[in-house]
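# Structure at a glance
Here are the chains, one letter per residue:
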Amino acid sequence: MITKMSKYTFVLLSSELNDFLSQLQELGIVDITRSTVEIDSVSKDMMALYKRYKQIISKLETFKEENKDITPAEVNISGKQLVITAENHFQRIAEIKSSVAQLTRDLKEALPWGEFTDEDLKRVDEMGYNIHFYSIAQNKFSSEWEKEYPLQVFSQTKDKIYFAILSEKSSEYKFKLIEEKFPERSASSIQSEIDTLKVEKETIERELVGIACMSENLKGDSEKLFSELDLYFAKSASKSEGEGSISILEGFAKTEDDDSLKEYFDKADILYLREAAKGEDNPPIKLKSNWFNKLFHPIGGLYMMPTYDELDLTPYFAPFYMLFFGLCLGDMGYGLIMVILGLIVAFAAPKFSGYGKLVVWLGVGSIIMPLLSGTFFGLKLPEIIPSMPENIKGL
């Protein structure tokens, strides 16, 4: 069944608004009415910050789960600074990964040319020579070139030979191959930068794991921020009466809490109106079911929730669904397996005990309904138990 709700309308001085809104949340008043208001810079900034909190908490939890072997670093910051630091760290890690990927490609291109410095190239230039760099498949390399030109082989791989030829600046030079682009940096220089970036990345990762260990603090801060945003919107939605000194707010609470709320509001000398919530008020929907029907709430949740003034069909479809599932499955053996697996889940994983119990009852339905046909793992019961009395076999 749907939990009955009461609608409350409060009239109070604007000067009392802030304290009263905090009290409403503590008392269980939900869905405080917010008039349609234009988002101002304050609420916009608060929403943006809350979104950043949610995103960074999610990223930190994923990062911590994927890097369990990393020892967390000690973090001595708190509050919003945690979010800013974590965002900067994730951005820097992305930059490092991109840089390392590019440097790895540069390293692959630089390795065949050996070690050199800018001074080496400058010295050759000052001597009046140009250097021409080439690579060619090994089977196409001609040893005659070494006799015709001042040629130096730098390295050889399984497929290629890398070499250079010196030519005087004052003389004409021609060669049949297209020149290769010579790397701007040596392999050792590139490797050194890669190692430096990897060390920086490891340091950042340790700090991120340290921040991830403080995710509960971040969650607390985000919840506090959301509450502040909720209250801010509620205040923005307050309607001014008379000369702007009176505020009107609306909210909902469980009808079963009416007595305690009435006692509190009466003692606080607050002017309020209570009435039974109606469907057109669009109150929050809370289902109230016994232990058996509650197991089928996840299935009911796959479909549209009933509106406030509609009938909750869970008490009706729960037993029907259990038996219909068993009729569709049609095998007592499979039903028995579901009962066993459901019991294991219910006791071994308390967090999912509700789902485990649901599977148990679906298994029970899968045992009851196949009794009509007597099927057990695809076999008829008389085939499994030949000694079964004839009058039972006839059923």
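Bringing the side chain of S222 into the picture now. Its place among the elements puts S222 in helix 7 (residues 215–236). Once you skip the residues sitting within four places of it in the chain, S222 turns out to touch Y50, Y53 and I57.

On the surface, a cluster of nonpolar side chains totalling about 710 Å² of accessible area is made up of L329, Y334, L336, I337, I340, L341, I344 and F377. A total of six residues in the nonpolar patch trace back to one element, the largest contributor, which is helix 12 (residues 332–348). For I340, a relative accessible area of 46% translates into the label partly exposed.

Ranked by internal contacts, the top residues of the largest apolar core, which has 31 residues, are I56, L60, L208, I211 and L218. For this core, the elements supplying multiple residues, two or more each, are helix 2 (41–66), helix 3 (80–110), helix 6 (187–212) and helix 7. Top contributing element to this core by residue count: helix 3, with ten residues. Residues contacting I211, with those up to four places away along its chain left out, are L60, V75, L82, T85, A86, H89 and L218. Core analysis: the second largest hydrophobic core is formed by 13 residues, L17, I29, I32 and L231 among them.

As a further point, take the packing of aromatic side chains. Under the counting rule described, the total for this entry stands at 19 aromatic pairs. Ring centres of W113 and F133 lie 5.4 Å apart, and the angle between their planes is 80°; on these two criteria the pair is classed as edge-to-face. Placement of W113 in the loop between helix 3 and helix 4 (118–126) and of F133 in strand 2 (residues 129–137) is noted, with a sequence separation of 20 residues between them. Assessed through its relative accessible area of 3%, W113 is described here as buried. With a centroid separation of 5.6 Å and an interplanar angle of 70°, the aromatic rings of W113 and F154 are classed as edge-to-face. Taken together, the positions of W113 in the loop between helix 3 and helix 4 and F154 in strand 3 (residues 151–156) put the pair 41 residues apart, joining distant regions of the chain. Assessed through its relative accessible area of 36%, F154 is described here as partly exposed. Within the aromatic cluster, the residues linked to one another by ring pairs are Y134, F141, W145, Y149, F163, Y173 and F175. In this structure, K59 packs its charged tip against the face of F90, placed 4.5 Å from the ring centre.

Attention now goes to the packing of helix 12 against helix 13 (residues 353–368). Where helix 12 contacts helix 13, the two axes come as close as 7 Å, and the packing angle between them is 160°. Judged on the interaxial angle alone, helix 13 and helix 12 are roughly antiparallel. Note that helix 12 runs across helix 13; the crossing there is left-handed. Across from M332, G335, L336, M338, V339, G342, L343, V345 and A346 in helix 12, the residues of helix 13 making contact are S353, G356, K357, V359, V360, L362, G363, V364, S366 and I367. Looking at the contact of helix 12 with helix 13 residue by residue, the class counts come to twelve nonpolar, six polar and one charged.

Moving on: helix 13. In this model, helix 13 (16 residues) spans 23 Å end to end at C-alpha, consistent with the 22 Å of a helix rising 1.5 Å per residue. All buried positions along helix 13 are accounted for by S353, G356, L358, V360, L362, G363, G365 and S366.

Here we come to the environment of L121. Structurally, L121 is set in helix 4. Overall, the relative accessible area of 31% leaves L121 in the partly exposed class. In this structure the C-alpha to C-alpha distance between L121 and I131, which are ten residues apart in sequence, comes to 8.4 Å. Here L121 is in contact with F116, I131 and F182, once residues within four sequence places are set aside.

Before going further, it helps to spend a moment on the confidence of the model for the chain. Per-residue confidence for the chain gives a mean pLDDT of 80, with 84% of residues at or over 70. Low pLDDT, under 50, characterises residues 239–245; the stretch is placed with twelve contacts to residues that sit more than four places away or in other chains.

All told, the structure shown has 13 salt bridges when counted by the stated rule. Between R52 and E87 there is a salt bridge, and its shortest N-O distance comes to 2.8 Å. In this pair, R52 sits in helix 2 while E87 sits in helix 3, placing the two residues 35 residues apart along the sequence. The class for R52 is partly exposed, based on a relative accessible area of 27%. Residue class for E87 comes out partly exposed when judged on its relative accessible area of 25%. In this structure, D120 engages R123 in a salt bridge whose closest nitrogen and oxygen atoms are separated by 2.7 Å. With a gap of three residues between them, D120 and R123 both fall in helix 4, about one helical turn apart.

A few words now on the sheet that holds strand 2. Across the sheet, which stays open at both edges, the three strands sit in the order 2-4-3 with antiparallel pairing between neighbours. The two strands at the open ends of the sheet, each matched to only one other strand, are strand 2 and strand 3. Each strand of the sheet is rotated relative to its neighbour by a mean of 20°, with strand direction disregarded. In the sheet, strand 3 pairs with strand 4 (residues 160–168) via five bridges, with the strands oriented antiparallel. Bridge pairing in strand 4 places V153 opposite F163.

Conventions adopted
- Residues numbered from 1 in each chain as written.
- Predicted model: local features only at pLDDT ≥ 70, side-chain atom pairs only at ≥ 80, totals over all residues.
- Heavy atoms only, no water.
- Helix = DSSP H or I, 4+ residues; strand = E, 2+ residues; numbered from the N terminus.
- Contact = heavy atoms within 4.5 Å.
- Patch = residues over 30% accessible without salt bridge, like charges linked within 9 Å, V, L, I, M, F, W, Y side chains within 5 Å.
- Areas by Shrake-Rupley, 256 points an atom, 1.4 Å probe, with all protein chains shown as cover.
- Salt bridge = Lys/Arg side-chain N within 4 Å of Asp/Glu carboxyl O.
- Buried < 20%, exposed > 50% of the residue type's maximum accessible area, 1.4 Å probe, protein only.
- Core = buried A, V, L, I, M, F, W, Y, C linked by side-chain atoms within 4.5 Å.
- Phe/Tyr/Trp six-rings, centres within 6.5 Å; stacked < 30°, edge-to-face > 60°.
- Lys NZ or Arg CZ within 6 Å of the ring centre and 35° of its normal.
- Axes fitted to C-alpha atoms, helices over the stretch in contact; angles between N-to-C directions.
- Parallel < 35°, antiparallel > 145°, perpendicular 65-115°, else oblique.
- Left-handed = near helix turned anticlockwise from the far one by under 90°.
- Nonpolar A, V, L, I, M, F, W, Y, C, P; charged D, E, K, R; others polar.
- Expected span 1.5 Å × (residues − 1).
- pLDDT = per-residue confidence, 0-100.
- Pairing = 2+ DSSP bridges.

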